Amino acid sequence: QKEVEQNSGPLSVPEGAIASLNCTYSDRVSQSFFWYRQYSGKSPELIMSIYSNGDKEDGRFTAQLNKASQYVSLLIRDSQPSDSATYLCAVNIPSQGSGTYKYIFGTGTRLKVLA
Amino acid sequence: DAGITQSPRHKVTETGTPVTLRCHQTENHRYMYWYRQDPGHGLRLIHYSYGVKDTDKGEVSDGYSVSRSKTEDFLLTLESATSSQTSVYFCASSGGAVEQFFGPGTRLTVL
């Protein structure tokens, strides 16, 4: 079982609609959760981080975390063609014994916003 | 954005040659990471460092070694490059269990 799973898409939404991106993770000790946006040929860019259950809003973006269900989502309101990209979900996991941290990424969901 | 640079940005090399990629960060972050990104696999962790001279393996570490002699620099070495190591390599840094920031990437082609 993959540690972080995302639907690869593509997810197509019309301009102005809400895009909903989902991610599940398997490691219950995960502490921190992140959403990155990656345009083709570019590096991942952090857009949201969330550390506790519930919703976190930042502009048009809302991250939702449910640790009991091991589920994190990203909502993009008023989607724009410029939001078309691949969205990566990442989970921060403590490394056993070393007291260090590593990040596990999903394979990403490709979002297409249609003008 | 965190100041992270990678060099070179593009490299073409031949099978069997050694290759070193460099990552430099100006954020004084304790943690640094090397990933490779391939179609269908997403970002996979190669090695990471949690301090000067402190490193650990990731999920795809075979054929790679790393070194960190200064907080700001993290080197990735392919001792003898193979075609399967053709990929895009990203360096990242973080202060701990918080946001991780990425460099611009290095596109490596092994012929």
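Details of the structure are given in the entry above.
Residues numbered from 1 in each chain as written. Chains lettered and ligands numbered in written order. Predicted model: local features only at pLDDT ≥ 70, side-chain atom pairs only at ≥ 80, totals over all residues. Heavy atoms only, no water.

Brief notes about the overall build of chain B
Right, on to step 1. Secondary structure assignment for chain B yields zero helices and eleven strands.
Right, on to step 2. Starting at the N terminus and ending at the C terminus, chain B contains elements arranged as β-β-β-β-β-β-β-β-β-β-β.
Right, on to step 3. Here the C-alpha radius of gyration of chain B, 13 Å, is about what a compact globule of 111 residues would show, namely 13 Å.
Right, on to step 4. The buried share of chain B, taken over its 111 residues, is 50%.
Right, on to step 5. Considering only intrachain contacts with a sequence separation of at least 6, the fraction spanning at least 24 residues in chain B is 54%.
Right, on to step 6. A total accessible area of about 5,000 Å² is found for chain B, and carbon and sulfur atoms account for 48% of it.
Right, on to step 7. Distance from the positive charge centre (11 side chains) to the negative charge centre (12 side chains) of chain B: 3 Å. (Helix = DSSP H or I, 4+ residues; strand = E, 2+ residues; numbered from the N terminus. Rg over C-alpha atoms; globule rule 2.2 N^0.38 Å. Buried < 20%, exposed > 50% of the residue type's maximum accessible area, 1.4 Å probe, protein only. Contact = heavy atoms within 4.5 Å. Areas by Shrake-Rupley, 256 points an atom, 1.4 Å probe, with all protein chains shown as cover. Lys, Arg positive; Asp, Glu negative; His and termini not counted. Charge placed at Lys NZ, Arg CZ, Asp CG, Glu CD.)

Topic: the overall build of chain A
Right, on to step 1. On a plain count of helices and strands, chain A comes out with zero helices and eleven strands.
Right, on to step 2. In sequence order, the secondary structure elements of chain A are arranged as β-β-β-β-β-β-β-β-β-β-β.
Right, on to step 3. For 115 residues, the compact-globule formula gives about 13 Å, and the C-alpha radius of gyration of chain A, at 14 Å, lands near that figure.
Right, on to step 4. Each principal axis of the C-alpha distribution contributes one length, and for chain A these read about 50 × 30 × 25 Å.
Right, on to step 5. Per-residue burial for chain A yields a buried fraction of 44% across its 115 residues.
Right, on to step 6. Long-range pairs, those at least 24 residues apart, make up 55% of the contacts in chain A with a sequence separation of at least 6.
Right, on to step 7. Split by element, the accessible area of chain A, about 5,500 Å² in all, is 45% carbon and sulfur.
Right, on to step 8. Across chain A, the mean location of the 11 positive side-chain charges is 5 Å away from that of the 10 negative side-chain charges.

What about the interface of chain A and chain B?
Right, on to step 1. Chain A puts 22 residues into the contact, and the matching count from chain B is 22 residues.
Right, on to step 2. Roughly 1,700 Å² of surface becomes buried between chain A and chain B when both sides are summed, with 57% attributable to carbon and sulfur atoms.
Right, on to step 3. Among the residues of chain A in contact with chain B, A:Tyr101, A:Tyr103 and A:Phe105 are the three that bury the most area, contributing 31% of the side total.
Right, on to step 4. For the pair chain A and chain B, the number of links is zero salt bridges.
Right, on to step 5. Joining chain A to chain B, the criterion identifies ten residue pairs in polar contact (both at pLDDT 80 or more).
Right, on to step 6. Counting only elements with at least two residues in the side of chain A that touches chain B, the list comes to β4 (32-38), β5 (45-50), β9 (85-94) and β10 (101-105) of chain A. (Buried area = accessible area lost by both parts, 1.4 Å probe. Salt bridge = Lys/Arg side-chain N within 4 Å of Asp/Glu carboxyl O. Polar contact = N/O pair within 3.5 Å; in protein donor to acceptor, adjacent residues only side chain to side chain.)

A few points about the side chain of A:Ser32
Right, on to step 1. On the secondary structure map, A:Ser32 appears in strand β4.
Right, on to step 2. If near-sequence neighbours (up to four positions away) are discounted, A:Ser32 is found in contact with A:Ile50, A:Tyr51, A:Ala90, A:Val91, A:Asn92 and B:Ala97.

Some thoughts on the sheet that holds strand β6 (residues 54-58) of chain A
All names here are of chain A.
Right, on to step 1. Strand order in the open sheet made by the five strands is β1-β3-β8-β7-β6, with antiparallel pairing throughout. Strand pairing shows two members of the sheet lacking a second neighbour, β1 (4-5) and β6, which therefore form its edges.
Right, on to step 2. Sheet topology places strand β3 (residues 19-25) next to strand β8 (residues 71-76); six bridges connect them, and they run antiparallel. When the sheet's bridge partners are listed, Asn-22 is paired in β8 with Ser-73. (Pairing = 2+ DSSP bridges.)

Thoughts on the packing of aromatic side chains
Right, on to step 1. In this structure the tally under the stated criterion is 16 aromatic pairs over all chains.
Right, on to step 2. Between A:Tyr36 and A:Phe105, the aromatic rings sit 5.7 Å apart at their centres with planes inclined by 50°, giving tilted as the arrangement. Of the two residues, A:Tyr36 sits in strand β4 while A:Phe105 sits in strand β10, which places them 69 residues apart along the sequence.
Right, on to step 3. Accessibility expressed as a relative area gives 0% for A:Tyr36, which makes it buried.
Right, on to step 4. Taking the relative accessible area as the measure of exposure, A:Phe105 reaches 7% and is therefore buried.
Right, on to step 5. On the basis of an interplanar angle of 85° and a centroid distance of 5.4 Å, the ring pair of A:Phe105 and B:Tyr35 is categorised as edge-to-face. Taken together, the positions of A:Phe105 in strand β10 and B:Tyr35 in strand β4 (residues 31-38) put the pair across two chains.
Right, on to step 6. One cation-aromatic arrangement involves A:Arg60 over A:Phe61; the distance from NZ or CZ to the ring centre is 5.6 Å. (Phe/Tyr/Trp six-rings, centres within 6.5 Å; stacked < 30°, edge-to-face > 60°. Lys NZ or Arg CZ within 6 Å of the ring centre and 35° of its normal.)

Remarks on the nonpolar core
Right, on to step 1. The biggest cluster of nonpolar side chains holds 25 residues, and the ones touching the most others in it are A:Trp35, A:Val72, A:Leu74, A:Ile76 and A:Tyr87.
Right, on to step 2. Of all the secondary-structure elements, those providing two or more residues to this core are β3, β4, β5, β7 (61-66), β8, β9 and β11 (109-114) of chain A.
Right, on to step 3. Ranked by residue count, the leading element in this core is β9(A), at five residues.
Right, on to step 4. In this structure A:Tyr87 touches A:Gln6, A:Leu21, A:Trp35, A:Tyr36, A:Arg37, A:Ile47, A:Leu74, A:Ile76, A:Gly108, A:Thr109 and A:Leu111, once residues within four positions along its chain are discounted.
Right, on to step 5. Judged by nonpolar contacts, the second largest core, of 18 residues, contains B:Trp34, B:Val66, B:Ala81 and B:Val110. (Core = buried A, V, L, I, M, F, W, Y, C linked by side-chain atoms within 4.5 Å.)

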